[in-house]
Amino acid sequence: MAMQVIEPVPGIGSSLEAAAEEYERMSASLNALLEELAGGGSGTHLVRRLDRSTGPSVPADERVKARLFGSFGLSYCGVELESVLPGQAATILKYVLSQGRRHIPKDTLLELLWPEAEPDIASRRLRVVIHTLRRHLAALRPGGENLLLTLDNGYLLNPRVDIWTDVDEFERRRANGWRMHRAGLLEGAYQEFEQAEALYRGDYVEDEPYAEWTFLRRETLRDSYMSVLSMLAQISLEWEDYTGAIIWAQKLLAQDSCNEDAYRLLIASHIGLGQHNRAAHWY
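Read on for a plain summary of the structure. Model, not experiment: these values are computed from the prediction.

Overview of the pattern of salt bridges
Charged atoms that come close allow side chains of opposite charge to pair.
For step 1, the next point in the chain: Counted by the stated rule, this structure contains 13 salt bridges.
For step 2, the next point in the chain: In this structure, Glu171 and Arg217 form a salt bridge, with 3.1 Å as the shortest nitrogen-oxygen distance. Of the two residues, Glu171 sits in helix H6 (residues 166-182) while Arg217 sits in helix H8 (residues 212-238), which places them 46 residues apart along the sequence.
For step 3, the next point in the chain: Here Arg217 falls in the partly exposed class, since its relative accessible area comes to 27%.
For step 4, the next point in the chain: For Glu197, the salt bridge goes to Lys251, with nearest N and O atoms at 2.9 Å. Taken together, the positions of Glu197 in helix H7 (residues 186-199) and Lys251 in helix H9 (residues 242-255) put the pair 54 residues apart, joining distant regions of the chain.
For step 5, the next point in the chain: You can call Glu197 buried: its relative accessible area is 8%.
For step 6, the next point in the chain: Several salt bridges share partner residues, and in doing so they unite Glu169, Arg172, Arg173 and Glu192 into one network.

In structure tokens form, the structure reads like this:
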């Protein structure tokens, strides 16, 4: 049977670009209205003022929650983003989330996605991708498209939306653990390190393995994760929880098979358990 050739619909590309441009104009108007309601001032001043504002804490189920360790995931007010984002829309969302509250110039995204393209062509592509991203965010909840604002020829996360990421939480828990450990509060330190370890479900943005913007951050976070495992093993050893120390040390070896601290911890733990043959094996 001969295959039927489906002819492209004339003008579909220009219609989509026109729709995306109209959406951008509407979004810019909404952003201007938000700024006016907030009391005016430049866009940068508005972001600073909203960031510094204080108020009641936002319940966890009303947050945007993003998972950047392992496979990417996002939920808004408890609703999970189930539809698969197209590749470039997903990349933009991950990149914006990785930058926190920083303003991202449009040129940065153009260089990220289409470094070889002509500026006009790349700009049209970006408008279409941003429109696609906002359409998916709008499907999560009414107004979800306003998570990403257009401001000063660039983009930023809406400063009025409470955003939680597993990376931020990991770093907070790890820092708390170190402070408590230095203060001699081993139980509290152990709990913080354990919470941090549970958040590390895989390498940072592991579904973007070749994106240059992920390289340094990924290695830094992997090193931080290894330091968390090392501290968990050492505290367990101090408490004579030798089995726990072995579990953490083996996780450490899974990250780096040449880690000498992990071998020392395994040897000491097996000696503590009276398992001298196992200690000799690891030696």
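What to know about the side chain of Thr150
For step 1, the next point in the chain: On the secondary structure map, Thr150 appears in strand E5 (residues 148-150).
For step 2, the next point in the chain: Residue Thr150 is classed as buried on the basis of its relative accessible area, which comes to 17%.
For step 3, the next point in the chain: A polar contact of 2.9 Å, which involves the side chain of Thr150, links it to the side chain of Arg134.

Digging into the nonpolar core
For step 1, the next point in the chain: Counting 67 residues, the largest nonpolar core has Leu74, Ile92, Leu97, Leu126, Leu133, Leu147 and Phe170 as its most contacted members.
For step 2, the next point in the chain: Per element, the largest residue contribution to this core is 10 residues, and it comes from H8.
For step 3, the next point in the chain: Setting aside anything within four residues of it in sequence, one finds Leu97 in contact with Ala66, Phe72, Leu74, Leu157 and Ile163.

Considering the sheet that holds strand E6 (residues 154-157)
What links the strands of a sheet is backbone hydrogen bonding, and the strands pair in either a parallel or an antiparallel sense.
For step 1, the next point in the chain: Sheet architecture is open: three strands sit in the order E4-E6-E5, paired in antiparallel fashion. With partners counted over all chains shown, the strands left at the sheet margins are strand E4 (104-105) and E5, one partner each.
For step 2, the next point in the chain: With three bridges joining them, E5 and E6 adopt antiparallel strand pairing. Bridge pairing links Thr150 to Tyr155 in E6.

Examining the side chain of Thr214
For step 1, the next point in the chain: For Thr214, the position within the fold is in helix H8.
For step 2, the next point in the chain: Ignoring sequence-local partners within four residues, the contact set of Thr214 consists of Tyr204, Val205 and Glu208.

Some words on the packing of aromatic side chains
For step 1, the next point in the chain: Applying the stated rule across the entire model yields eight aromatic pairs.
For step 2, the next point in the chain: Ring geometry for Tyr190 and Trp239: centres 5.2 Å apart, planes at 45°, overall tilted. Taken together, the residues span a long stretch of sequence, with Tyr190 in helix H7 and Trp239 in the loop between H8 and H9 at a distance of 49 residues.
For step 3, the next point in the chain: Plain terms: the ring middles of Tyr263 and Trp282 are 6.1 Å apart, the flat faces sit at 50° to each other, and that makes the pair tilted. Of this pair, Tyr263 sits in helix H10 (residues 260-272) while Trp282 is found in helix H11 (residues 276-282), placing the two residues 19 residues apart along the sequence.
For step 4, the next point in the chain: Members of the aromatic cluster, each reached through a chain of ring pairs, are Phe69, Phe170, Tyr200 and Tyr225.

Conventions we followed
- Residues numbered from 1 in each chain as written.
- Predicted model: local features only at pLDDT ≥ 70, side-chain atom pairs only at ≥ 80, totals over all residues.
- Heavy atoms only, no water.
- Salt bridge = Lys/Arg side-chain N within 4 Å of Asp/Glu carboxyl O.
- Helix = DSSP H or I, 4+ residues; strand = E, 2+ residues; numbered from the N terminus.
- Buried < 20%, exposed > 50% of the residue type's maximum accessible area, 1.4 Å probe, protein only.
- Polar contact = N/O pair within 3.5 Å; in protein donor to acceptor, adjacent residues only side chain to side chain.
- Core = buried A, V, L, I, M, F, W, Y, C linked by side-chain atoms within 4.5 Å.
- Contact = heavy atoms within 4.5 Å.
- Pairing = 2+ DSSP bridges.
- Phe/Tyr/Trp six-rings, centres within 6.5 Å; stacked < 30°, edge-to-face > 60°.

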